[in-house]
Amino acid sequence: MDLFEGLKSKIKGRDIKVVFPEGTDARIIGAAVRLASDGLLHPIVLGDPAEIAKIAEEKGFMVERLEIINPETYSEKDAMVDALVERRNGKLAREDAFNWIKDVNYFGTMLTYMGLADAMVSGAVHSTGDTVRPALQIIKTKPGVSRTSGAFIMSKRNETYLFSDCAININPSAQELAEIAVESARTAELFGIDPIVAMMSFSTKGSASSPDVEKVIEATRIAKELGPEFKIDGELQFDAAFVPTVAELKAPESDVAGQAKVFVFPEIQSGNIGYKIAQRLGGFEAIGPILQGLNKPVSDLSRGCVEEDVYKLAIITAAQTLLS
């Protein structure tokens, strides 16, 4: 894929360190070995080295290039606990902090927060909540961003789009939706997608009236203020955003209608349903969710992922480090 070839060229040779908390999963080990062998990044896998070696031998993986950290015997555990207690600013007792980092996602998140890793990829065996919660509690969102959001790169042959938010925010406010739109435009830019942003609705330019439509209209206004460098418009139905002939009829004055590449859904139901329809009926590959708006990149795999998904999402996550 051209998208990934471009990303590979951006990250290769930069020694970007990505931590994989689920280091005893064969899919993770296989992807990490490929990433190291291709010289794309520096994988850090968490887990018992003996267990990892056993899986590697069974699968024929060569793990010599991997950095393997066993959280159980990690020599800098006290320093990690101190950093976690300080980060939580009095909300966490030291004993509780020790318990937190027994969870590999918290351990991996702390490596990232402390600068010992540049990014994290998890979720192959953990839920989205298990992956996202430590990131929100420790890494936290960037200034000006109240919430993280989950975007998917949708790719098929020479077509690439960004769908957001399809994974995190159930019913964002107008302000939150505007922030999601601007963060999505920035994500799109990084991945070579033209950041032309459509704010999705069941209405186009006043064709329907409801509080849901008003939210999208207000979000569009705020997004244009937050990201004046981007083309952002709404409210737009999908056909008006995507099809030039429909755009001419429904939104002839819009500089986004008919040419959108980034689609921001008004709430999670439509976003989640929309990307899965494109994936299952439209034949698009859905890559993500990419967590947007965090101070450092963290990505959440699907528990149904395969090794190739891990490999690609790690490349995307490593590329996100170039935004900071």
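Notes on the structure in this doc start here. (Residues numbered from 1 in each chain as written. Predicted model: local features only at pLDDT ≥ 70, side-chain atom pairs only at ≥ 80, totals over all residues. Heavy atoms only, no water.)

### Concerning the pairing of strand β2 (residues 42–46)
- For β2, a buried count of 4 out of 5 residues is recorded, marking the element as mostly surrounded by other parts of the structure.
- Pairing analysis gives 4 bridges linking strand β1 (residues 17–20) to β2, with the strands arranged parallel. By the bridge assignment, Val 19 is partnered in β2 with Ile 44.
- Crossover connection from β1 via helix α2 (residues 26–37) to parallel β2: handedness right-handed. (Buried < 20%, exposed > 50% of the residue type's maximum accessible area, 1.4 Å probe, protein only. Helix = DSSP H or I, 4+ residues; strand = E, 2+ residues; numbered from the N terminus. Pairing = 2+ DSSP bridges. Right-handed = clockwise from strand over helix to strand, strands pointing away.)

### A short note on a nonpolar patch on the surface
- Taken together, the side chains of Tyr 113, Met 114 and Leu 116 define a hydrophobic patch exposed on the protein surface, amounting to about 230 Å² of accessible area.
- You can see Leu 116 is positioned in the loop between α6 (104–113) and β4 (119–122).
- Residue Leu 116 is classed as partly exposed on the basis of its relative accessible area, which comes to 38%. (Patch = residues over 30% accessible without salt bridge, like charges linked within 9 Å, V, L, I, M, F, W, Y side chains within 5 Å. Areas by Shrake-Rupley, 256 points an atom, 1.4 Å probe, with all protein chains shown as cover. Salt bridge = Lys/Arg side-chain N within 4 Å of Asp/Glu carboxyl O.)

### Overview of the pairing of strand β5 (residues 149–156)
- With 8 of 8 residues buried, β5 lies mostly within the body of the structure.
- The side-chain alternation of β5 yields two buried faces, one formed by Ser 149, Ala 151, Ile 153 and Ser 155 and the other by Gly 150, Phe 152, Met 154 and Lys 156.
- By the bridge criterion, 6 bridges tie β5 to strand β10 (residues 285–292) in an arrangement that is antiparallel. Each residue of the ladder has a partner; that of Ser 149, found in β10, is Gln 292.
- Relative to strand β6 (residues 159–164), β5 runs antiparallel, the two being bridged by 6 bridges. Counted as the bridge partner of Ser 155 is Thr 160 from β6.
- Counting the residues that bridge the hairpin from β5 to β6 gives 2 residues, and of these Arg 157 lies at a positive phi of roughly 50°.

### Some words on the nonpolar core
- By size, the foremost hydrophobic cluster in this structure holds 62 residues, and its most contacted members are Phe 20, Phe 191 and Met 199.
- The element that contributes the greatest number of residues to this core is helix α8 (residues 174–190), accounting for 9 residues. (Core = buried A, V, L, I, M, F, W, Y, C linked by side-chain atoms within 4.5 Å.)

### A short note on the environment of Lys 10
- Relative to the elements of secondary structure, Lys 10 occurs in helix α1 (residues 2–11).
- Placed 114 residues apart in sequence, Lys 10 and Ala 124 show a C-alpha to C-alpha distance of 25 Å.
- With residues up to four places along the chain from it excluded, the contact list for Lys 10 reads Leu 190 and Leu 322. (Contact = heavy atoms within 4.5 Å.)

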